[in-house]
Amino acid sequence: MSDERTPAEPEVMEPTFWRKNGWAARVIKNEEDDGWAVEIRKQGIAEPVLISPWVMGRDKKNPKPFDGPAFATFVKTASEVLDRSARQRDQALTKKLSIAWEGRWYEVRLEIVADEYEPHALLSAIDDAGATVAKHRVSMNFKFSRDVANAWVREGFPEP
């Protein structure tokens, strides 16, 4: 069995470049003014996760050196950016409606599966106890609306 994870890179703690636990922060010249910026990258992600202004050192020309608390703050902020982005992507790919029928509540979901070769969607119903009572594969262009969800629940969750 092979381990397909990217090997960990060695830690670096230099005045303008830190790398630790899969994160890297590098001080770069701010293209928009005479100051400095910090570029935060996550191992395995091609683009920077965050670019933020960075302060000048005492000489008012060179960047202030990194320290542990600054690196930790940038990593925390960049992690929050990634989390927010993932939540927004998930929300864009999932539609949900709550449907009441015969004294029970169902959450009816349409989840887009953006597969490169076979894009499709999954239509599912979760009851008020949290159990999945039905799940069907449907086409990407499935028309999802309150009327369609109501009819599907009332008909007993048949395959569309």
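Scroll up for the structure.
Residues numbered from 1 in each chain as written. Predicted model: local features only at pLDDT ≥ 70, side-chain atom pairs only at ≥ 80, totals over all residues. Heavy atoms only, no water.

S.K.: How would you sum up the side chain of Asp127? Please name residues and give values.
M.R.: Its place among the elements puts Asp127 in strand E8 (residues 120–127). Of the residues examined, Asp127 reaches a relative accessible area of 10% and is grouped as buried. At 3.0 Å, the side chain of Asp127 forms a polar contact with the side chain of Arg104. Leaving out residues up to four positions away in the same chain, Asp127 has contacts with Arg104, Trp105, Tyr106 and Val133. (Helix = DSSP H or I, 4+ residues; strand = E, 2+ residues; numbered from the N terminus. Buried < 20%, exposed > 50% of the residue type's maximum accessible area, 1.4 Å probe, protein only. Polar contact = N/O pair within 3.5 Å; in protein donor to acceptor, adjacent residues only side chain to side chain. Contact = heavy atoms within 4.5 Å.)

S.K.: Tell me what's going on with the environment of Phe74, and back it up with residues and numbers.
M.R.: Mapped onto the fold, Phe74 is located in helix H1 (residues 68–93). Using a relative accessible area of 10% as the deciding quantity, one classes Phe74 as buried. Here the alpha-carbon distance between Phe74 and Ala24, two residues 50 residues apart in the chain, equals 9.7 Å. Not counting residues up to four positions away in its chain, the partners in contact with Phe74 are Val38, Ile40, Leu50, Ser52, Pro53, Trp54 and Phe66.

S.K.: Just give me the short version of the pattern of salt bridges, but keep the residues and values in it.
M.R.: Evaluation of the coordinates by the stated rule reveals seven salt bridges. Between Arg19 and Glu9 there is a salt bridge whose closest N-O contact spans 3.6 Å. Residue Arg19 is found in strand E2 (residues 17–20), and its partner Glu9 is found in the segment before strand E1 (12–14); the two are separated by 10 residues along the sequence. When its relative accessible area of 44% is taken as the criterion, Glu9 is described as partly exposed. Within the structure, one salt-bridge network assembled from shared partners comprises Arg104, Asp127 and Asp128. (Salt bridge = Lys/Arg side-chain N within 4 Å of Asp/Glu carboxyl O.)

S.K.: Break down helix H2 (residues 146–154) for me, citing the residues and quoting the values.
M.R.: Regarding H2, the residues found buried are Ala149, Asn150, Trp152 and Val153. Take H2 and look down its axis: the buried residues cluster within an arc of 165 degrees, on one side only. Along its buried surface, H2 packs onto strand E6 (94–101), strand E7 (104–113), E8 and strand E9 (132–138). In the stretch just after H2, Gly156 is the one whose phi turns positive, near 90 degrees. (Arc of directions from axis to C-beta.)

S.K.: Summarise the sheet that holds strand E4 (residues 36–42); cite the residues concerned and give the values.
M.R.: Taken together, five strands build an open sheet; the order of strands is E1-E2-E3-E4-E5 and the sheet is antiparallel. Of all the strands in the sheet, just E1 and strand E5 (50–54) have a single pairing partner and so form its edges. For this sheet, the mean inter-axis angle between neighbouring strands, taken without regard to orientation, is 20 degrees. Sheet topology note: the E4/E5 ladder contains five bridges and is antiparallel. Opposite Trp36, over in E5, you have Trp54 as the bridge partner. Against the sheet, H1 contacts E2, strand E3 (23–29), E4 and E5, and its axis sits at roughly 145 degrees relative to E5. (Pairing = 2+ DSSP bridges. Axes fitted to C-alpha atoms, helices over the stretch in contact; angles between N-to-C directions.)

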